[in-house]
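Spelled out from the first residue to the last, the chains are:
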Amino acid sequence: MAKMNLLQAINNALDIAMAKNDKVYSFGEDTGGFGGVFRATSGLTEKYGRQRNFNTPLVEQGIIGFANGLASQGSYAVAEIQFGDYIFPAFDQIVNETAKFRYRSGNEFNVGGLTIRTPYGGGIAGGHYHSQSPEAYFAHTPGLKIVTPRNPYQAKGLLLSAIFDNNPVLFLEPKRLYRASTGDVPEEEYTLPLGKADVVKEGKDITLLAWGAQCEVNEKAAEMAEKDGISCEIIDLRSILPWDVETVAKSVLKTGRLVISQEAPLTNGFASEIAATIQKECFLYLESPIARVTGLDVPYPLCHEKEYFVDHLKVYEAIKASMNF
Amino acid sequence: MAKMNLLQAINNALDIAMAKNDKVYSFGEDTGGFGGVFRATSGLTEKYGRQRNFNTPLVEQGIIGFANGLASQGSYAVAEIQFGDYIFPAFDQIVNETAKFRYRSGNEFNVGGLTIRTPYGGGIAGGHYHSQSPEAYFAHTPGLKIVTPRNPYQAKGLLLSAIFDNNPVLFLEPKRLYRASTGDVPEEEYTLPLGKADVVKEGKDITLLAWGAQCEVNEKAAEMAEKDGISCEIIDLRSILPWDVETVAKSVLKTGRLVISQEAPLTNGFASEIAATIQKECFLYLESPIARVTGLDVPYPLCHEKEYFVDHLKVYEAIKASMNF
Amino acid sequence: MAKDTKHNIDIVTEASFLDASALTIPMLQILKEDGSEHKGAKLPEFDQALAEKMFDTMQFIRILDERMIAAQRQGRISFYLASLGEEAASIGSAAALQDGDMIMGQYREQGALAYRGFSVEQFMNQLFSNAKDLGKGRQMPVHYGCAELNFMTISSPLGTQIPQATGYAFGQKMDKSGHCTLCYFGEGAASEGDFHAALNMASVYKVPVIFFCRNNGYAISTPSQGEQYGGDGIAPRGVGYGLKTIRVDGNDILAVLRATQLARKLAVEENEPVLIEAMSYRMAGHSTSDDPTGYRSREEEDGWRKKDPLARMQSWMINKGWLTEEQAESNLQEKKAAVLAALKKAEKVPAPSIDELINDVYDQPSEQLKAQLDELKAHIRKYPDAYPKTSGSID
Amino acid sequence: MAKDTKHNIDIVTEASFLDASALTIPMLQILKEDGSEHKGAKLPEFDQALAEKMFDTMQFIRILDERMIAAQRQGRISFYLASLGEEAASIGSAAALQDGDMIMGQYREQGALAYRGFSVEQFMNQLFSNAKDLGKGRQMPVHYGCAELNFMTISSPLGTQIPQATGYAFGQKMDKSGHCTLCYFGEGAASEGDFHAALNMASVYKVPVIFFCRNNGYAISTPSQGEQYGGDGIAPRGVGYGLKTIRVDGNDILAVLRATQLARKLAVEENEPVLIEAMSYRMAGHSTSDDPTGYRSREEEDGWRKKDPLARMQSWMINKGWLTEEQAESNLQEKKAAVLAALKKAEKVPAPSIDELINDVYDQPSEQLKAQLDELKAHIRKYPDAYPKTSGSID
Ligand SMILES: Cc1ncc(C[n+]2csc(CCOP(=O)(O)OP(=O)(O)O)c2C)c(N)n1
Ligand SMILES: Cc1ncc(C[n+]2csc(CCOP(=O)(O)OP(=O)(O)O)c2C)c(N)n1
Ligand SMILES: [Mg+2]
Ligand SMILES: [Mg+2]
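Throughout what follows, the structure given in this document is the object of discussion. Just so it is clear, the structure is predicted and the values come from calculations on it, not from any experiment. (Residues numbered from 1 in each chain as written. Chains lettered and ligands numbered in written order. Predicted model: local features only at pLDDT ≥ 70, side-chain atom pairs only at ≥ 80, totals over all residues. Heavy atoms only, no water.)

**As for the pattern of salt bridges**
The following threshold applies: When a carboxyl oxygen of Asp or Glu lies within 4 Å of a side-chain nitrogen of Lys or Arg, that pair is called a salt bridge. Secondary structure counts use DSSP, requiring at least four H or I residues in a row for a helix and at least two E residues in a row for a strand, with both numbered from the N terminus. Under the scheme applied here, a residue whose accessible area is under 20% of the maximum for its type counts as buried, over 50% as exposed, and between as partly exposed, the area being computed with a 1.4 Å probe on protein chains only.
Applying the stated rule across the entire model yields 92 salt bridges over all chains. As a salt-bridge pair, arginine 117 of chain B and glutamate 80 of chain B come within 3.0 Å of each other at their nearest N and O atoms. Remark: glutamate 80 of chain B occurs in strand E4 (residues 76-80) and arginine 117 of chain B occurs in strand E5 (residues 114-120); sequence separation between them is 37 residues. Of the two residues, arginine 117 of chain B and glutamate 80 of chain B, neither departs from the other in class, the shared state being buried. Between glutamate 109 of chain C and arginine 214 of chain C there is a salt bridge, with the nearest N and O atoms lying 2.9 Å from each other. Here the residue glutamate 109 of chain C occupies a position in the loop between strand E4 (102-104) and helix H3 (110-116), and arginine 214 of chain C occupies one in strand E7 (residues 209-215), the gap between them amounting to 105 residues. For the pair shown, glutamate 109 of chain C and arginine 214 of chain C are each scored as buried. Look at the salt bridges and you will find they share partners, linking Arg296, Arg298, Glu301, Asp302 and Arg305 of chain C into a network.

**Things to note about the packing of helix H4 (residues 120-127) of chain C against helix H12 (residues 325-346) of chain C**
All names here are of chain C. Keep this limit in mind: Comment: axis = line fitted to C-alpha atoms, over the contacting stretch for helices; angle = value between 0 and 180 degrees taken between N-to-C directions. Just so you know how the angles are binned, under 35 degrees is roughly parallel, over 145 roughly antiparallel, 65 to 115 roughly perpendicular, and the rest oblique. Here a crossing is taken to be left-handed if its near helix is turned anticlockwise relative to the far helix by less than a right angle, and right-handed if that turn runs clockwise. Throughout, a contact is declared for two residues whenever any of their heavy atoms are within 4.5 Å. As a working rule, the residues Ala, Val, Leu, Ile, Met, Phe, Trp, Tyr, Cys and Pro are called nonpolar, Asp, Glu, Lys and Arg charged, and the rest polar, with Gly in that last group.
One can describe the packing of H4 onto H12 by two numbers: an axis separation of 9 Å at closest approach and a directional angle of 45 degrees. By the criterion of interaxial angle, the relationship of H4 to H12 is oblique. Remark: the crossing between H4 and H12 carries right-handed chirality. Across from Val120, Glu121, Met124 and Asn125 in H4, the residues of H12 making contact are Ala338, Val339, Ala342, Leu343, Lys345 and Ala346. Tallied by class, the residues present in the contact of H4 with H12 amount to seven nonpolar, one polar and two charged.

**Considerations on the relation of the copies chain C and chain D**
Stated formally: Least squares is the method for superposing the copies, and the C-alpha atoms it fits come from residues with pLDDT of at least 70 in both.
The transformation that overlays chain C on chain D combines an axial shift of 0.0 Å with a rotation of 180 degrees, and the residual RMSD is 0.0 Å. This pairing of chains is accounted for by a two-fold axis. Measuring from the rotation axis to each C-alpha of chain C, the shortest distance belongs to glycine 193 of chain C, at 1.9 Å. Take the interface residues of chain C: 100% of them recur as interface residues in chain D, which is what a same-surface contact looks like.

**Considering the environment of phenylalanine 170 of chain C**
Looking at where phenylalanine 170 of chain C falls in the secondary structure, it is placed in helix H5 (residues 161-174). Taking the C-alpha atoms as reference points, phenylalanine 170 of chain C and lysine 382 of chain C, 212 residues apart in sequence, are found 52 Å from one another. Discounting residues that sit within four places of it in the chain, phenylalanine 170 of chain C has contacts with Tyr25, Gln51, Phe54, Phe66 and Leu70 of chain A together with Tyr205 and Val207 of chain C.

**Observations regarding the site of ligand 2**
Formally: We call a residue near a molecule or strand when any one of its heavy atoms sits within 4 Å of it. Within 3.5 Å is the distance limit for a polar contact, defined as a pair of N or O atoms, with the added protein rule that one can donate a hydrogen and the other accept it, and that residues adjacent in sequence qualify only through two side-chain atoms. Computed with a 1.4 Å probe, the accessible areas rest on the Shrake-Rupley method; for each residue, only the protein chains presented here act as cover.
As a structural note, the neighbourhood of ligand 2 is formed by 22 residues, with Glu60 of chain A together with Tyr107, Arg108, Asn216 and Tyr218 of chain D the closest of them. Residues close to ligand 2 are split across chains A and D. Within the side chain of arginine 214 of chain D, an N or O atom sits 2.9 Å from an oxygen atom of ligand 2. Contact distances for ligand 2 include 2.7 Å between an oxygen atom and a backbone N or O atom of tyrosine 218 of chain D. Relative to its unbound accessible surface of 590 Å², ligand 2 loses 97% to contact with the protein. For the shell around ligand 2, the class distribution of residues is nine nonpolar, seven polar and six charged.

Take a look at the structure:
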């Protein structure tokens, strides 16, 4: 065991993957010698050479186009998009190409070796273009897997799974956690399952669901609620696509109540999918409406970030509203 | 009144808009003299010249980038994307630029004069890349309006509203209806409201909701259901963003049941947003789970299109399941 | 002239603007329009067998295109797209490759695929979306692909394969495979942002890729000169990116073969990415959905008919004594018969099983997908008449 | 040499590949590094007032950058981005325009904005995201914009403004406005697909746009030569698109002014789009979040310090007798004081009202947005201490 922050855990996972298989390549804007603007890839060039960890020209559609081609050739392509907000120029390559590569070819070709890493989310005074949580934009796309970790331990295990998974994975890194705190992380290789949610804490009155950095917010809200005598079950969704309907439904069948907290704006966010599915799966067991605590339907703001942000107070209020419905 | 098919209605709306205001420009791939691959812009070059209705080079990100710039200059830019499936290279220009143009500048600048027209949807043996229904990919984006008509009359009135609305509008044209049938359309200018759903038929037992070409499917299913004595209220959502929560909620408060039919795949489609919102708004009035009848979570297929397709039989079955819950 | 040491650039003190005329790129031609060789022209490497294979493939494609356009008119297939007039470009370039080289196409390169060995049955199975289609009937006609033949499955969105080719070639270089990737695209697709990304990245990474632009004068109805681009076509862009660049007569199979042979050497032996611009003309409509009389003149088309690459090669073959008119004709008839027979066979093969609807979305279908399929099957069982293609074969 | 009549291209019979060396583009320089004029160089149009305004703006920007980097270090603002070393490029080009011309920037062109008349207070209000910021505090520092000054609001996603400039210029042409659009971007941003789209479309439509590439050698840590591109920079691409193209010394304000004056004529009078590549160097870190010692050498930076555009212009001004060392120094002190005073004032201005959170998403807030805001306000009222910036001013 070592103490690592989330960035170190990611760097460590990349290191292990590259050591293990010399067809693993890491690249993106400034990810070469410099190690990326957040330094997630630092040290990799020194260890594996400029051919395996390198800079790309400044063109996201090219990065993913190149990565698709490289993965289809049989390599493990680990592409970094510098900020989640800048993934959109690559949207066509991801949604029309990556996601459909295997299906359209009848499995003659695939890009299973592709992993797209990108920092995402707010809380760093980044305004519109350094704060977005883009998961919902991709979640409507069969063929992709989408994963996000809530802490360093999860980050390493999920990233190692993602890199060697035989499907393309969009790996979203909650950047406000990058250096926020450290956690225990085994030094050796280990993996965590994709497509499975993680029940962080059991409880019986209400289910709190989130992914990525919002898990922490839910935990804080739950602490407040527990003081009021409300027993919260906390679930980290971990995989957004495919998502673990079973674990969530099982929990809600037990608690009868669900609060989903999401950084992104309300409308057509991923919380909507969860609510739509769970109202069906648990219809007769729901004791109150499923609550979505989300960003407002505005571009991510700068000076009102604190107000916009889904914090523990907002989740706590939603818990109370749900209990008192 | 004239008889027009949906294409003619669109062509007519463009004609009226261009005659009315000489700062209206129409452009896209092959939309110039040739009039576009579906001929939606035919005759416009003859009438308004090559400067006002013209071909673009083959680059969707450029089309929308150009259109954003032209709209910000104070023109009405009406850009065609040849197929909805090819809108994704322009995703960044739409989601990061169009949608945030006014907000990020504090209203110093805006692209309110922009309208993006694109044919979408399946039923034409087009496979993965000539069949997609991309509305949900955009519906998570504050700042955009999204509109789709169900028939020629709606098409003309909504498009005229879209072009002159002071916000950017994504106007989705259900291409399988283009020449499917004709309807009565006034020859003169008229507009229909954006952001308002249309109650196509009143009923009391169950609410059927759709947009675009699926409205027809719902009507057919309703006919079957009525024979079983089930009274269906049929709503055409018309505007996907912002959407008319009030009208839908009012209907469901009355009927207690909601079936949403959607061409696109299930997961994180726009039906999810509607279900998530309505389960909250109408929680105590719902007599059965809100049903989403949608495409499967696979890329739009070719040889199994019929099976994949959300037809009246599937909707009819969903109605019965909801009634018998 | 002074030099700036930082940038290693010449310094001038008088402003002058360059434009397209600063760089004019000539076109390589070996065969004249009448099929005779330019005197002194340096020929590609070839022997009679290679020439015959190229010619044979050209004839096959001519027939295939003709028959399938007819089949589409008869309603037997939903869509078709011919390469009429451009056979030399795809076949001459494919003939310069090794079988282990990867080919990525746009959609009008059936010639390259046939040259690689895709059988007439395989063509038909794809065109009829039947159970034997390697692509499992999931894509529209002409979206061929075959891993065994190193021919990447075609994708409709234009330009996307270009940066993919750069990435694929990067992997080939890292693997020290001794192979390259050849990527076809039209002059229309060269307007896409992906084109720019691909060529620039290839130049930076020095990978063994050959970008092969078929400049056939049109993108559907949009003429290239002045409406697709304002400069001198696509080749000068290669110079801008620092790629090895050449322009060839796309209707001259020997010029195409020669340029691509040299390009392959540059790519594989020196890791030099290459751009080839092949000047040609799309003799047919864009596809069976198109009618070119709406946007171009009969005279224009007639002018190009004189440059027909098949006729040109045929004259050359006959001059060489490697072919007679009669042989050419009887070969054509044989091919016609073979195409027709394969067509009839393929249209009788049933559709792929409904189970294929959820396969290959992921390496394994997810639980949700299995549930969705089960629900669909139950529905089909309830309404078998509504889904005649699959209800009979449902398990 | 034979000519192909269809394509109007020269025909060659021997294959030869071109590469970057086929087109070498020199760099216009008028002022040598020591500030003296090249003999015989053709000068731009200017008078003493214009020269003084340019110099004044350069000094202002130098001070503003210096002070705001310090302010960021002190934690008074969250972020800053300097244009150190590139002042001549943005100011010299802006000085060639008319006030009615539109400017679209990337983010390192504060010089152009200051030249247009953006006041030190306006800069500060944006940098402090306060209630007086024209952008209503919604974007990160340095994302300036001002409709009155025809300076489009900066957007972080790189390259997006380039095709927008083409579109804007199209509108100017149609309106017969007599104006053009000048669009700045870095050599890194020129790798984006949007760049390709923009220049190609401008060439097709012949619109009055000037594409101004600041080639400052780096995109954050990525060096331009060999890692951003493999060819000879950005200018040769302009030739490929058929644009009027010129390369200038970006640290020589007279060369920049001259080239942009001529470009503006081409744009406005002949609807010729122009590409200018200004060669320069980013003397500072990319932004306050960056530390360039990690990726480049001290020596490299020192070499460029000798080419400082401000020092160069200052020598020239002194030679001309339009300035003395003492004046230069006292001007600097004045500017320092003004910047400091404005900074202190701006940081006391409160944040924009919480109501602004939902304004301008649409022309009018939707019903849903109003409901969301009401809910948020109710929440803030409940926990006023948690939202101190706004709870005091909530209605
Ligand atoms: C991204 C995208 N946009 C638009 C289309 C529609 N489309 C199909 S083919 C075509 C023209 C292509 O022209 P070109 O690249 O010159 O190839 P050619 O057909 O001439 O061989 C267009 C616009 C598409 N398939 N993909
Ligand atoms: C689409 C996009 N990708 C990545 C970034 C992150 N980013 C901000 S500035 C920058 C480097 C830009 O370099 P260049 O265009 O040369 O301009 P310079 O900073 O040198 O002035 C990068 C990668 C971004 N803002 N937008
Ligand atoms: Mg073409
Ligand atoms: Mg730069």
